[in-house]
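Structural overview
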Amino acid sequence: MVKYILKRLLLLIPTFFLLTLMVYTILSLSPANPAFMRLGTTATQEQIDEINHELGLDRPLLVRYGTYMWNLITKGDMGVSWVMQTSVYKEFMERLPNTLLLTALALLLTTVVGIVAGVFAAVNQNSIGDRTTMILAMLLISLPNFFLSLICQIVFCLQLRWLPVTGAGSLKHFILPSIMLAASRIAGQVRLTRSSMLDVIGQDYVRTAYAKGCSKRRVVFYHALRNGLMPVITNIGNNVGNIVAGAVTVETIFAIPGVGSMLVNAVRSNDIPQVMSPIIFISLLVCVVNLVVDLLYAVIDPRVKLQYR
Amino acid sequence: MKELLNIKNLYVQYNTDEAVVHAVNGVDLIVHRGEAMGLVGETGAGKTTTALGILNILPEQVGEITEGDIVYDGKNVLNMSKKELQAMRGKQVSMIFQDPMTSLNPIITVGNQIDEMLLLHFKELTKEQRAQKVDDILKLVGIPAERKHEYPFQFSGGMKQRIGIAIALVCQPDLLIADEPTTALDVTIQAQILQLMKQLKRELGTALIMITHDLGIVAELCDNVSVMYAGEIVETGTVEDIYQRIENHPYTTGLFNCIPKLDSNEKRLTPIAGYMVDPTDLPKGCKFHDRCPYVTDRCGRENPKAYQNGTHKIKCFRYESWGEGDSI
Ligand SMILES: Nc1ncnc2c1ncn2[C@@H]1O[C@H](COP(=O)(O)OP(=O)(O)O)[C@@H](O)[C@H]1O
Ligand SMILES: [Mg+2]
């Protein structure tokens, strides 16, 4: 098992480099030019060349990529913003805690609420509780996130004044944004958990458990749950990617200074060094989470565990 | 012998989205303590459904008992409380399931799956005592006790079936329902399993309902036989009554004709003509009439009663002269 974990960690390295190289290449294809940004459209060719040389943009792509990665890994240096000419790393680190808190809360909500409601619905299949849960899930999936967020802002923040509308000053600021970020993913998680549990509940070994004299509770929690959660865990991995991507919108709507809104601003102003760092963060996070999910799988499923002994 | 199980006029249907499947249509079945009853019939005859009814574990919301009673040891299973049912299942009546590949939980060690029976029904035992019992029962079914820490996927089909048998036997039930315990196995393992069941019956005095479509197995193991067709028992009697092959229900005769015989000169087997009736659309009269070589007009209009001659009962007008007996 330790060998397997090490192998997976090692595999992460080439994945990371390939990913960043792809992102770097695609971004360098963008027509954005820092010289124009600084000097305006009236700049002469000499001035442009000078700035390009200063920023190292006249060197070949692979050299530029290599330098970038070297600086990132050895010095934590992510370059300088083209627009503000400030350190990208400094801004990134200032914003990171907000994004981590927001996504962690949303992931926790998605996982806990999704699994609890999904198991409840499956165990009480076709009951009123099940039907209500499913209708709610359907509603959450079909309502666009930004729309729901705006409605909730109006109701809970402006009308009832329970929560602050925007910003990131306290934990209170994160309540509504994380719920909004989790909303549509909860719905997906509930539906998946329910169908996976229903599938397991119909299996022969569940009937065997009843035939042994198990109570319904024991059947659900001891025999069915771990089997039913396997596809659900895979989905948690997908959810992380989704939630981080969703954070981009939610941070913008709620004016939270996070990595997501940094990405949006940077894309809007063609500030390539500023775009690079959030993307690297998001992709690395997704890689790591998927590794964790695979390991979790091995913990739950002996068939997987023994395969990697 | 004392009566252990008495099924009276049992009707079971499956309410599916497409249709209502009439799986069991008026079954009467009595099993005494220590008796081995063979339940024989083609696939789809309703054997498994009857067995699931005895334990009251028909699929929720789909399987429905519409009529009848199942009395176990003087108590009606259909009126038992949850607690009573849980105490009966596994401890008094246990079941070996038809498909060993899917009947064991894939992520629980086989040792723990056997141990669970003791945990549920012998709460007074210590952990060590339970472990000892698990080892003993594994040895009895021919699996090394060290392997109890392994998972079902690490065993072959035959071994899984033996684990299923170990689970069913570890609490020493009064009634064991074995649902085609050897169908999924190859012949050598089949013989070993039958040997094992014989031994259990002899040594522990366990009553047995042996569900199979193999008349050979029944002859070897059982005292009495019931033949099932389209959810009805069409013939019942002692093994001698039925295996003499002098007086049989035409369906039973058909089943016998499907067994290959090495000592006969007949080159070809004679399968029963036609197909099993559709349980969503049962015919009027005798369910077997459109496959029966002795069919008369009356067979299509009227379902025959059970006619009785001593221990032998047959649901066919050809034996009307025996006189009406108790229903089967
Ligand atoms: N869960 C179910 N839902 C719908 N129909 C079923 C179900 N289980 C069994 N049946 C149907 O009920 C009939 C009897 O099945 P079964 O009791 O399994 O027969 P046997 O064990 O004799 O082969 C068959 O027609 C079968 O298709
Ligand atoms: Mg069956």
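What counts as what
- Residues numbered from 1 in each chain as written.
- Chains lettered and ligands numbered in written order.
- Predicted model: local features only at pLDDT ≥ 70, side-chain atom pairs only at ≥ 80, totals over all residues.
- Heavy atoms only, no water.
- Donors = N, O, S within 2.8 Å, 3.2 Å for Na, K, Ca; no water.
- Helix = DSSP H or I, 4+ residues; strand = E, 2+ residues; numbered from the N terminus.
- Buried < 20%, exposed > 50% of the residue type's maximum accessible area, 1.4 Å probe, protein only.
- Near = heavy atom within 4 Å.
- Polar contact = N/O pair within 3.5 Å; in protein donor to acceptor, adjacent residues only side chain to side chain.
- Nonpolar A, V, L, I, M, F, W, Y, C, P; charged D, E, K, R; others polar.
- Domains from an automatic or database assignment.
- Contact = heavy atoms within 4.5 Å.
- Buried area = accessible area lost by both parts, 1.4 Å probe.
- 1 Å grid on protein atoms, 1.4 Å probe; cavity = no way out; pocket = protein on both sides within 12 Å on 5 of 7 lines; lining within 4 Å.
- Points joined across faces, edges and corners; volume = space filled by probe spheres on them.

Describing the coordination of the magnesium ion (ligand 2)
Residue and element names in this part refer to chain B.
- The coordination sphere of the magnesium ion (ligand 2) contains the protein donors Thr48 (OG1) and Gln98 (OE1), at a distance range of 2.0 to 2.5 Å. With Thr48 in helix H1 (residues 47-55) and Gln98 in the loop between strand S6 (93-96) and helix H3 (110-121), this pair connects stretches of sequence that are 50 residues apart.
- Using a relative accessible area of 22% as the deciding quantity, one classes Thr48 as partly exposed.
- With a relative accessible area of 33%, Gln98 lands in the partly exposed category.

Looking at the site of ligand 1
Residue and element names in this part refer to chain B.
- Residues in contact with ligand 1 amount to 14 residues; listed here are only the nearest, Gly44, Gly46, Lys47, Thr48 and Thr49.
- Between Gly46 and ligand 1, the recorded distance is 3.0 Å, taken from a backbone N or O atom to an oxygen atom.
- A distance of 2.4 Å is found between an oxygen atom of ligand 1 and a side-chain nitrogen or oxygen belonging to Thr49.
- For the shell around ligand 1, the secondary structure elements donating two or more residues are strand S2 (20-32) and H1.
- It is H1 that provides the largest number of residues to the shell around ligand 1, a total of three residues.
- Here the residues of the shell around ligand 1 sort into six nonpolar, six polar and two charged.

Section: the domain arrangement of chain B
Residues and elements named next belong to chain B.
- Splitting chain B by domain gives domain 1 (3-92 + 175-183 + 207-314) and domain 2 (99-172).
- The interface of domain 1 with domain 2 comprises eight residues on the first partner and eight residues on the second.
- Of the roughly 560 Å² buried where domain 1 meets domain 2, counting both sides, 64% is carbon and sulfur surface.
- On the domain 1 side of the contact with domain 2, Gly90, Lys91 and Leu176 bury the most area, a combined 71% of that side's loss.

Some thoughts on unusual backbone geometry
- At Asn270 of chain A, a position not held by glycine, the phi torsion is positive, near 55°.
- Relative to the helices and strands, Asn270 of chain A resides in the loop between helix H11 (259-268) and helix H12 (272-300).
- The backbone of Asp73 of chain B sits at a positive phi, close to 50°, despite the residue not being glycine.
- Mapping Asp73 of chain B onto the fold places it in the loop between strand S4 (63-72) and strand S5 (75-76).

A short note on the layout of surface pockets
- Of the volumes computed, that of the largest pocket is approximately 1,000 Å³.
- Lining the largest pocket are 31 residues, and of these Ile201 and Tyr210 of chain A together with Leu58, Pro59 and Glu60 of chain B lie nearest its centre.
- For the lining of the largest pocket, the elements supplying multiple residues, two or more each, are helix H5 (88-123), helix H8 (172-201), helix H9 (204-212) and helix H10 (216-253) of chain A together with S4 and helix H2 (82-88) of chain B.
- It is H9 of chain A that contributes the most residues to the lining of the largest pocket, four residues altogether.
- Among the residues forming the lining of the largest pocket, the class breakdown is 16 nonpolar, nine polar and six charged.
- Lining the second largest pocket are 25 residues, with Tyr24, Leu55, Leu57, Trp82 and Pro273 of chain A positioned closest to its centre.
- Here the element with the most residues in the lining of the second largest pocket is helix H4 (residues 61-75) of chain A; it accounts for four residues.

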